[in-house]
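Notes for the structure review
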Amino acid sequence: MYINGIETKQNIYLTAKNLFYEIGYQKTTIRLISEHANVPIGLTNYHFKNKENIVKQIYAEYIDNILNFIDAEIGDKLDSFLLRQITSLRIYYNNILIDKNNSNFVSKNSNFEMLYHRVDVAYQRILDENNIVLPREILKSYIIAEFGARHELLLRYYSKELDLSIQGLVDTISCIAPRLFEVDQRIIENALNESLNLYNRIDASGIKFLVS
């Protein structure tokens with residue numbers, strides 16, 4: 001792709017993120033993105049095909065930024081994949097949930113299909129380091145169950161049915177899969193406590209979800 005093409009794609013992408021933030025996913029159309037990016041609608045379709053592909057890139061970029069950040073800032077303190085996973089979830093949810101527009105966007109956009117492969121890889125590493133063997137279909141069913149539980153917890157958090165702090169919510173979400181895997185409870189508790197200590201020592205506020 002030529003430099004102009006790369007710049008055009010980035011312009012479309014950033015424009016879409018800003019529109020998603022300002023007016024939401026449903027009201028943001030490919031045509032509106034094109035108008036605000038000042039490009040023909042055909043170029044937007046060429047680069048992204050549909051809104052879902054833009055959303056996939058948003059989630060992928062956000063997660064990559066979080067993982068790169070924690071590896072650079074506290075990588076030497078992350079002595080297990082479980083600790084790395086929980087610490088990244090603390091940043092992931094905090095930086096979304098502290099902002100109403102981000103929360104509204106996430107509540108209306110299920111990200112299961114976008115995140116499945118990443119979660120599958122992360123959980124397989126957690127299983128390996130704890131010497132736990134699960135058949136692939138069982139692991140897949142656990143991931144599906146965990147995402148269903150996440151969704152329900154978030155809905156009840158948004159509706160104020162759950163009176164939890166963001167980090168309390170993350171504690172609950174972070175425990176679902178390890179407990180399904182039957183990871184030793186002491187290992188889980190240690191990872192929760194250490195991840196919170198690490199989280200409180202860093203400033204991850206510069207990692208943005210929808211807006212820079």
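Now for a look at the structure at hand.

How each quantity is defined
Each chain has its residues counted from 1, following the order in which its sequence is written. Totals for whole chains, interfaces and linings use all residues, but because this is a predicted model, local features are given only for residues with pLDDT of at least 70 and pairs of side-chain atoms are given and counted only at 80 or more. Here the side-chain values reflect all heavy atoms present in the structure, with hydrogen atoms and water set aside. Secondary structure counts use DSSP, requiring at least four H or I residues in a row for a helix and at least two E residues in a row for a strand, with both numbered from the N terminus. Just to be clear, the radius of gyration here is over C-alpha atoms, and the globule rule we use is 2.2 Å times residues to the power 0.38. Relative accessibility thresholds used throughout: buried, under 20% of the residue-type maximum; exposed, over 50%; partly exposed, between the two (1.4 Å probe, protein chains only). Counting rule applied: Lys, Arg positive; Asp, Glu negative; His and chain ends not counted. The rule for a salt bridge is simple: a side-chain nitrogen of Lys or Arg has to be within 4 Å of a carboxyl oxygen of Asp or Glu. Here a polar contact means two N or O atoms within 3.5 Å. Within protein one must be a hydrogen donor candidate and the other an acceptor candidate, and residues neighboring in sequence count only if both atoms are side-chain atoms. Every residue pair with non-hydrogen atoms within 4.5 Å of one another is taken to be in contact. Multiplying 1.5 Å by the helix residue count minus one yields the expected span of that helix. Here the arc refers to the set of directions running from the helix axis out to each C-beta atom. Two distance rules govern patches: like charges are joined within 9 Å, and nonpolar side chains (Val, Leu, Ile, Met, Phe, Trp, Tyr) within 5 Å, applied only to residues with over 30% relative accessible area and no salt bridge. With residues, only the protein chains shown are counted as cover, and all accessible areas are computed by Shrake-Rupley using a 1.4 Å probe. Charge positions are represented by NZ for Lys, CZ for Arg, CG for Asp and CD for Glu.

In this section: the overall build of the chain. For the chain, the helix and strand inventory stands at 10 helices and zero strands. Listed N to C, the secondary structure of the chain is α-α-α-α-α-α-α-α-α-α in terms of helices and strands. Its C-alpha atoms give the chain a radius of gyration of 18 Å, within 12% of the compact-globule value 17 Å for 212 residues. Judged by the C-alpha coordinates and their principal axes, the chain covers about 55 × 40 × 35 Å. By residue count, 46% of the 212 residues in the chain fall in the buried class.

Inspection of the secondary structure puts Lys51 in helix H4 (residues 51-74). One buried charged residue, Lys51, remains without a salt bridge, the closest side chain of opposite sign being Glu52 at 6.3 Å. Only 2.7 Å separates the side chain of Lys51 from the backbone oxygen of Tyr25, close enough to count as a polar contact. Side-chain polar atoms of Lys51 contact the backbone oxygen of Thr28, separated by 2.8 Å. Those residues in contact with Lys51 that sit more than four places away from it in its chain are Phe20, Tyr25, Gln26, Thr28, Thr29 and Ile30.

What follows concerns helix H10 (residues 185-201). Here H10 is 17 residues long and its end C-alpha atoms lie 25 Å apart, about the 24 Å a rise of 1.5 Å per residue gives. Where H10 is concerned, the buried positions are Ile188, Ala191, Leu192, Ser195, Leu198 and Tyr199. Projection of H10 onto a plane perpendicular to its axis shows the buried side chains occupying an angular sector of 140 degrees, all on one side. Pointing more than 90 degrees away from the buried face of H10 are the exposed residues Arg186, Asn190, Asn200 and Arg201.

Turning to a negative patch on the surface, a few remarks are in order. On the surface, Asp79, Asp128, Glu129 and Glu194 cluster together into a negatively charged patch. Within the secondary structure layout, Asp79 lies in the loop between H4 and helix H5 (81-97). Note on Asp79: relative accessible area 69%, which makes it exposed.

This part covers the side chain of Asp120. Among the secondary structure elements, Asp120 is positioned in helix H7 (residues 112-129). You can call Asp120 buried: its relative accessible area is 10%.

Listed in full, the buried residues belonging to helix H6 (residues 100-107) are Asn102, Ser103, Phe105 and Val106. Considered in projection along H6, the buried side chains sweep an arc of 160 degrees and stay on one side of the axis. The residue sitting at the N-terminus of H6 and contributing the capping side-chain oxygen is Asp99; that oxygen lies 2.9 Å from the backbone nitrogen of Asn101.

No statement about biological role is implied by the geometric values presented.
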